[in-house]
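So you can see what is in the structure, the chains are spelled out below.
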Amino acid sequence: MTVHIVEDDDGVRDALAELCKSVGRRVRLYPDGEAFGAGTDVSPSDVVLVDLGLPGEHGSEVIRRIHALPVPPRVIVISGLPLADIHFAMREFANIAVMRKPLTSDLLTLLM
Amino acid sequence: MQAVRRPTLSEARLESVLETAPDGIIVMDEGSRLLIFNKACEQLFGYQASEVIGENVSVLMPREHQDNHDLYVQRYRATGERKIIGIGREVEGRRKDGSIFPLDLSVGEALTPNGRQFIGVIRDLSARRETERRLAAVQADLIRMTRVSALDEMGSALAHELNQPLTAIMLYLQALEREVQRLQSAETKLEPRAVELLGKATREAQRAGSIISRVRQLVEKRAPERKRSDLNTVVDEALELAMLGRRRSIILERHGPETLPVVFVDPVQVQQVVLNLARNAIEACHDADRPTLTIKTWFESDSVCFSVSDNGPGIAPEQMQSLFSAFRSENGTGMGIGLTISRAIVQNHKGELLVDPGGNGHGARFTVRLPIAADEKVANRDSAAAMPLAAAAEPDKT
């Protein structure tokens, strides 16, 4: 299982990667939605961490593409946006875990 | 005793003037005794004329002025120095029930066969004062709210900026903790002091995180109160505030149809936008020849719009770059924050704020578009926003 991390902030992206590696996960890193592309490299057993507030393409666009895959992998949203904006961006998606920055709860339990 | 006689023509005229005058009129003699107390005065002070005719005029004054009034009159008679006669001023009156009210008093003087007489014309200022007080209160409210939103804006921007590194720190610490656990189980004994320090660092990072969460909750609590509103009314009320005390220095041009489609907005927030834009415009055309603020309202296919423009120099290209940045420091007027808030408010209403910088003899023009209220759509969106996050590990609630 690979964890795909779509996050524009260098520090957060690297820290997420280190944490995932510390529990033995492979990681692939993307600074924005465009770099993530169509998500064709993602296998159904993978996990995709998506930041909502991405430069350029919005995080919800990335999620929409992932959901269009034949067997979509699990998506976890991370966001520092105000709650109202998160609700608005996530209004069309059901059953997606959202973690707000700063991540005070244990991300690892979600990754296991 | 004088025999009852028919009033002369001039007496009849005077009588009718006194009866119909909208202002209070009193006449007193040199000894401050009331000779005339007209109908309007009866309404103003609550006394019948018969109750006060012959009394000292000081019954109409607050107690603290009563004793001095006779002195004022004496001093005038001795020196001829006019402090109020022919000048007029705002003073306080006392009603029969003891209540005090502001009034505008003009005093004239007449030399009559019966000696010197003083005529006072009294205009009640309580209504005007009340309006002024109310307007000042509303404006103070708006200014306070603008400041609060500026703080909100800064608070959330700051929280967001700090969030990123803090998130990274907490994740690194989690990873490090993981690493330490692995080492411990591999019986490569780690210095206990290092474990202890790591625990402390984690706790402190979490503390910082919860502070940021709290700041954010504070900001998010203030939800807009939207209702069906007429944009013309919203704009005009805000303009009234913006123009307060400036009617003489700024020309206001207002264009637009009398009726507009209804918008679904928080009127106070939209007024904040109008006020912000109008203030910026007034400031911008300060040095113009005939400074003019032009406000238009109109509607197009699915939106209701208003624009605020001035006849100032326009916005310089280098200023346009950072026009909306909240933390711009080179402009001490705080225009950046005002515009940032304005744009945030407009976007919150699913509208847009457009800027035409002007220049070359044209002032800047800011245009705001707000979607026409479509009640069904609005209801749907609100229920979507109220939907709880699905299966979320909501850190703020733990």
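Now for a description of the structure that goes with this document. This one's a predicted model, so the numbers in the text were calculated from it and none came from an experiment. (Residues numbered from 1 in each chain as written. Chains lettered and ligands numbered in written order. Predicted model: local features only at pLDDT ≥ 70, side-chain atom pairs only at ≥ 80, totals over all residues.)

Broken down by element type, chain B carries eleven helices and twelve strands. Taking all 398 residues of chain B together, 24% fall into the buried category. (Helix = DSSP H or I, 4+ residues; strand = E, 2+ residues; numbered from the N terminus. Buried ≥ 20, exposed ≤ 12 C-beta atoms within 10 Å, placed from the backbone.)

Further remarks concern unusual backbone geometry. For asparagine 95 of chain A, which is not glycine, the phi torsion reads 55° and is therefore positive. Relative to the helices and strands, asparagine 95 of chain A resides in the loop between α4 (83–89) and β5 (97–100). Look at asparagine 95 of chain A and you get exposed, because 9 C-beta atoms sit within 10 Å. Even without being a glycine, serine 32 of chain B presents a positive backbone phi close to 65°. Assignment of secondary structure puts serine 32 of chain B in the loop between β1 (24–29) and β2 (34–37). On the neighbour-count criterion, serine 32 of chain B (16 C-beta atoms within 10 Å) is partly exposed.

The subject of this paragraph is helix α3 (residues 59–67) of chain A. Residue and element names in this part refer to chain A. What α3 keeps buried is the set Gly59, Ser60, Val62, Ile63 and Ile66. Buried residues of α3 fall within an arc of 155° about the axis and therefore sit on the same side. Where α3 is buried, its residues touch β1 (2–6), α2 (33–36), β3 (47–51), β4 (74–79) and α4. (Arc of directions from axis to C-beta. Contact = placed C-beta atoms within 7 Å.)

Residue and element names in this part refer to chain A. When β3 meets β4, the two strands line up parallel, connected through five bridges. Each residue of the ladder has a partner; that of valine 50, found in β4, is valine 77. In this fold, β3 hands off to α3, which returns the chain to β4; that crossover is right-handed. The sheet contact formed by β4 and β5 spans four bridges and is parallel. Of the residues in β5, the one forming a bridge with isoleucine 78 is methionine 99. Viewed along the sheet, the connection from β4 through α4 into β5 turns out right-handed. (Pairing = 2+ DSSP bridges. Right-handed = clockwise from strand over helix to strand, strands pointing away.)

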